[in-house]
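# Summary of the model geometry
Each chain is listed here by its residues.
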Amino acid sequence: MIEMVSHGQATLEVSLKHSGSLFMYAGHDGGAYAKNSFGNMYTAVGVFVLGRMFLEAWGPEARRKQAEFNDFLEKKRVCISMELVTAVLGDHGQRPIDDYVVVTAVTALGHGKPKFYSTPELIAFCRKWRLPTNHVWLFSTRKSVTSFFAAYDALCEEGTATPVCKALDEVADISVPGSKDHVKVQGEILEGLVARIVSHDSSKHMEKVLKEFPPSPFVGADLDLGPSLREVCAANRSDEKQQIKALLESAGTSMCPDYSDWFGNGDVGVLSRNADRSVLSKFLQAHPADYATVKLQEMIRLMRQRHFPAAFKCYCNYHKIDSLSVDNIYFKMVIHVHSDSVFRRYQQEMRRNPGLWPLYRGFFLDINLFKVNKERATELAKDSNALLKSINGSCDSSALASDGLANEDANLMIKLKFLTYKLRTFLIRNGLSTLFKDGPSAYKTYYLRQMKNWGTSAGKQRELSKMLDEWAVYIRRKYGNKQLSSSTYLTEAEPFLEQYARRSPQNQVLVGSAGNLVRAENFLAIIEGDRDEEGDLHPEGDVAPLTPTPTVKDTVPKDEGLIVFFPGIPGCAKSALCKEILSMPGGLGDNRPVHSLMGDLIKGKYWQKVADERRKKPYAITLADKNAPNEEVWRQIEGMCRSTKASAVPVVPESEGTDSNPFSLDALAVFILRVLQRVNHPGNLDKASPNAGYVLLMFYHLYDGKNRREFESELYERFGSLVKMPLLKPDRNPLPDPVKSILEEGISLFKLHTSKHGRLEPVKGSYAKEWARWEKRLREVMFGNADYLNSIQVPFDLAVKQVLEQLKDVAKGEYKTPDTEKRKFGNIVFAAVTLPVTEITSMLDKIAKKDPKAKAFLEDKNMENNLRKAHVTLAHKRSHGVTAVASYGVFVRQNVPVDFTALLFSDKLAALEARLGSINGEMIDSKNEWPHATLWTAPGIPPREANTLPHLVSEGKATRIDIEPPVTVSGVMDFY
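Here we summarise the structure given alongside this text. In this text, all values refer to a predicted model and were calculated from it rather than measured experimentally.

### Quick look at empty space enclosed by the protein
This structure, assessed with the given rule, holds two cavities of 30 Å³ or more. Considered as a void within the structure, the largest cavity measures approximately 80 Å³ in volume. Lining of the largest cavity is provided by 13 residues; of these, Gly-27, His-28, Cys-256, Asp-258 and Trp-262 occupy positions nearest its centre. Its residues placed into classes, the lining of the largest cavity shows seven nonpolar, four polar and two charged.

What follows is the structure, given as structure tokens:
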């Protein structure tokens, strides 16, 4: 991101992340939608709140403007996406003071691809209709971008809305305040920031929009707008249906004239709205009547062919009930993507085929299937083909390239969350189940792992651990074994945090903000059937951490067990490795017993057997000698860790992987050869197995959908450690073409087979002959290239040695987290120029030889051994502010010349006076009144006292020795 901005290719855009739910609105007939659903409590609340925003903004004109707005959305085929922030749908990080929406995206479906409004266009749109907008900052220079990231690093562990917004206002090139002040409507607890790359011209466009569309007054803010959302919910407590109806009636007919999305039509209930399952097949087989249908069919066919984990749910469209007939069917389709990896894989397909329509989270379609006579069908076909040619003809290569750049840039987005929010949502709320079901010890393991995954600083981990241990005792004592509801957990958590914060300023910083609890019990929305379609009323999974690099070591206490398991593929040498571990004298270096359970010898449910054995020997080290290829198994292992007080460590074969699989074809080829070289294998997977190749391909595809980095990151995030088993030599020759071809042929055949037959054995399917021929050729190719495949493998004894070293480190608590190539965020406290200690001590030796006073002072200080670090502080967060520290971000890791002009010392302090040089012609100034490098302090004297040395010299209480000529040392600018 920084490089793109530096080269004038882009601008960094940052906006607030409000704690709410996704809500989309496309007008009366277009409908209201939540993340993957519609016609429920979430959308009813959204319609009410959006209508309320019109009342506040337009006052007496609101109903007319609502009607105009709905008409505009439907005629222009526009959909607006919003963050719906409310206290009635359950607790997030902090109960909002008010209920509101903030528009986050506007999409128009024209005749080409769906078009997202740029942020300047979105602000112009919202100011025209007086809709709430988010707070947005633009950073268009290298200095402002690096300052932004440094500011976040300085605030990530204690930032709240006021200091964060203030810091960003100071470092941004453009700041556009939101319509809703986060502090006034949400509170001080800030979920996070969203940073993304936008066009370099965005700044100019924004300045123009701000001049042409000034903020409009909210003329209805002081009027009586009728019952609020909370009052409506509180007055209608009988059931969910009654609450929804009351909300829609309160929203008014100009906002919601038709309740059919919620209650169906007439006697048809909401639960009967599901369309016939054959509708999807009919849609894909139908002749498209327009270009949009062509592209949607193309998208859905591709997703089904590639077996992307997604659902295409179809529902009756009751808005069109009067036009419904046997030959004319209207329905809504919800494309529900189940895995984030789908979006990345789909982007890869778009690179190969730039004409594909993009895939979005929250994708809803209105579809009309109708029959026509032959003449009309011919006419529609001509119109559709002409439109397709027209659009394709207008999209020259430069336009496609521009589109491609836009799509790539849209992926350059990161979410930056704050610890004060994560404390409430992930450490307290999401830990309730573990705390009440498995007890305080398991809860401690849970929250320590979360903090380690986030890369939380060691100091904050200690502070949070102390507080969370106290929280666990407090809430368990109050509730016993009855679990606190996650939808109202803040009723208990907020008062606890408030009293904890009062004890000290340090605690206040840790908690962030507490004490403004909004009582929600009397107006909480009723969600029947324990249903939660948006993740708001039950613990949600944590986002992928920005850095999994911990600042403290992982520790496996000796009163805990350890499960060693293998997310691998047959032939990855797990059984051979387990034998080596068992034969090692002393096991893994401690006194815990080691035992192995070989999957091929266990009858029945293997992981249940492992769980049974762990309960018998909870402190043992268990070698789970079976492939553990998917998240279902990983969840079982996590459950065993909680129930038997154990940690788990995955051992994975090292491999580069592919774009969509953590294992490369080279690795797959080696695994297959190893299996084909086996004889008398206990699991009957060896050279005598007629479908050995198919079985290996089946395991290989169990990992499909994750590249190597995603695979390793998920394992690390779940288990806190990861051991890599060397497999392939890095300097090997490329895979021979025959080997690559036979594997690719097998993968294609496997996809054909599973597409038609699922998990049916290959000998029973329609491709049985093709499988037999492929298995035969596979053996010929593999054995024909055996010398090559054997030569590229890391020697087994070396691989075992490296794995054992890593496992012993895990067992001893000396494990170092592997690099996952993600940007490392930390809690920046100050900026400084780091100095080479050897050059400093050498300079001091020379000074001592020239000056007797210096020699007398230094002779008993043993600087060579006692001076281990040296730096010149430039700015400190506490003394100079976040913005001052962040301003040095543009110079990070660059060399800075430092002239030392004098040595100052007293009986308690010693420091070198420093004069900083420049970087690329720009002088580096310290915010300290006296720039210096502290050398020594007497016991009990804090280093900051070195700042007083010039004053002590003036009073005759310290000595100054000028260095003539000054000595120049090269240091490195960095953050601490």
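So that's the structure; there's more coming.
### Quick word on the pattern of salt bridges
A complete count under the given rule lists 43 salt bridges for this structure. For Glu-913, the salt bridge identified is with Arg-960, shortest N-O distance 2.9 Å. With a gap of 47 residues between them, Glu-913 in strand S22 (residues 909-916) and Arg-960 in strand S26 (residues 959-975) connect regions that are remote in the sequence. The exposure class assigned to Arg-960 is partly exposed, which follows from its relative accessible area of 38%. Connected through salt bridges with shared partners, the residues Lys-17, Glu-83, Glu-191 and Lys-417 form a single ionic network.

### Considerations on the packing of helix H19 (residues 440-454) against helix H28 (residues 708-719)
Axis separation between H19 and H28 bottoms out at 8 Å; the angle between their running directions is 145°. Where H19 approaches H28, its residues Arg-449, Lys-452 and Asn-453 are matched on the opposing element by Tyr-716, Glu-717, Arg-718 and Phe-719. For the contact of H19 with H28, the class distribution of residues is two nonpolar, one polar and four charged.

### Section: the packing of aromatic side chains
Aromatic ring pairs are described here by two measures, namely the spacing of the ring centres and the angle between the planes. A complete count under the given rule lists 36 aromatic pairs for this structure. Measuring from ring centre to ring centre gives 4.9 Å for Phe-116 and Tyr-360, while their planes differ by 65°; the resulting arrangement is edge-to-face. One end of the pair, Phe-116, is in strand S6 (residues 115-116); the other, Tyr-360, is in the loop between helix H14 (341-352) and strand S12 (363-370), and 244 residues separate them in sequence. An angle of 50° between the planes, with centres 6.3 Å apart, marks the rings of Trp-634 and Phe-711 as tilted. Taken as a pair, Trp-634 in helix H25 (residues 631-643) and Phe-711 in helix H28 lie far apart in primary sequence, 77 residues in all. Note on accessibility: Trp-634 and Phe-711 belong to one class, buried. Grouped by ring-pair contacts, the aromatic residues Phe-54, Phe-69, Phe-72, Tyr-117, Phe-125 and Trp-129 constitute a single cluster. For the cation-ring pair, Lys-65 lies above Trp-58, with the distance from its terminal atom to the ring centre recorded as 4.6 Å. Between the NZ or CZ atom of Lys-861 and the centre of the ring of Trp-936, over which it lies, the distance is 4.8 Å.

### Comments concerning the sheet that holds strand S13 (residues 413-417)
Strand pairing in a sheet relies on backbone hydrogen bonds, with the paired strands running either antiparallel or parallel. Taking strand neighbours across the sheet as the criterion, the five strands line up as S8-S7-S1-S9-S13 in an open arrangement whose pairing is antiparallel. Two strands bound the open sheet, and with one partner strand each, they are strand S8 (174-176) and S13. Each adjacent strand pair in this sheet contributes to an overall mean axis angle of 20°, direction not counted.

### A word on the side chain of Glu-714
By the secondary structure assignment, Glu-714 is in helix H28. Residue class for Glu-714 comes out buried when judged on its relative accessible area of 16%. Setting aside residues up to four positions removed in sequence, Glu-714 forms contacts with Glu-631, Trp-634 and Lys-706.

### Regarding the layout of surface pockets
Of the pockets and cavities examined, the second largest pocket occupies roughly 680 Å³. In terms of lining residues, the second largest pocket is bounded by 21 residues, among which His-871, Thr-873, Thr-934, Pro-943 and Arg-944 are the most central. Elements with a minimum of two residues in the lining of the second largest pocket: helix H35 (863-866), strand S20 (871-876), helix H36 (877-880) and strand S25 (932-937). Of all the elements, S25 adds the most residues to the lining of the second largest pocket, at five residues.

### Considering unusual backbone geometry
Residues Glu-964 and Pro-965 are joined by a peptide bond in cis, for which omega reads -10°. Relative to the helices and strands, Pro-965 resides in strand S26. Within the chain, Arg-130 stands out as a residue other than glycine whose phi angle is a positive 60°. Checked against the element boundaries, Arg-130 lands in the loop between helix H4 (119-129) and strand S7 (136-139).

### A few points about helix H29 (residues 737-757)
Between the first and last C-alpha of H29 there are 30 Å, a value that for 21 residues agrees with the 30 Å anticipated at 1.5 Å per step. For H29, the secondary structure elements touched by its buried residues are helix H26 (665-676), helix H27 (692-702) and helix H30 (768-784).

### A few points about the pairing of S26
As judged from the four bridges shared by strand S19 (residues 830-834) and S26, these two strands associate in the antiparallel manner. Directly across from Ala-831, in S26, lies its bridge partner Phe-975.

Parameters and conventions
- Residues numbered from 1 in each chain as written.
- Predicted model: local features only at pLDDT ≥ 70, side-chain atom pairs only at ≥ 80, totals over all residues.
- Heavy atoms only, no water.
- 1 Å grid on protein atoms, 1.4 Å probe; cavity = no way out; pocket = protein on both sides within 12 Å on 5 of 7 lines; lining within 4 Å.
- Points joined across faces, edges and corners; volume = space filled by probe spheres on them.
- Nonpolar A, V, L, I, M, F, W, Y, C, P; charged D, E, K, R; others polar.
- Salt bridge = Lys/Arg side-chain N within 4 Å of Asp/Glu carboxyl O.
- Helix = DSSP H or I, 4+ residues; strand = E, 2+ residues; numbered from the N terminus.
- Buried < 20%, exposed > 50% of the residue type's maximum accessible area, 1.4 Å probe, protein only.
- Axes fitted to C-alpha atoms, helices over the stretch in contact; angles between N-to-C directions.
- Contact = heavy atoms within 4.5 Å.
- Phe/Tyr/Trp six-rings, centres within 6.5 Å; stacked < 30°, edge-to-face > 60°.
- Lys NZ or Arg CZ within 6 Å of the ring centre and 35° of its normal.
- Pairing = 2+ DSSP bridges.
- Expected span 1.5 Å × (residues − 1).

Fair warning: the whole summary comes from geometry, so function is off the table for now.
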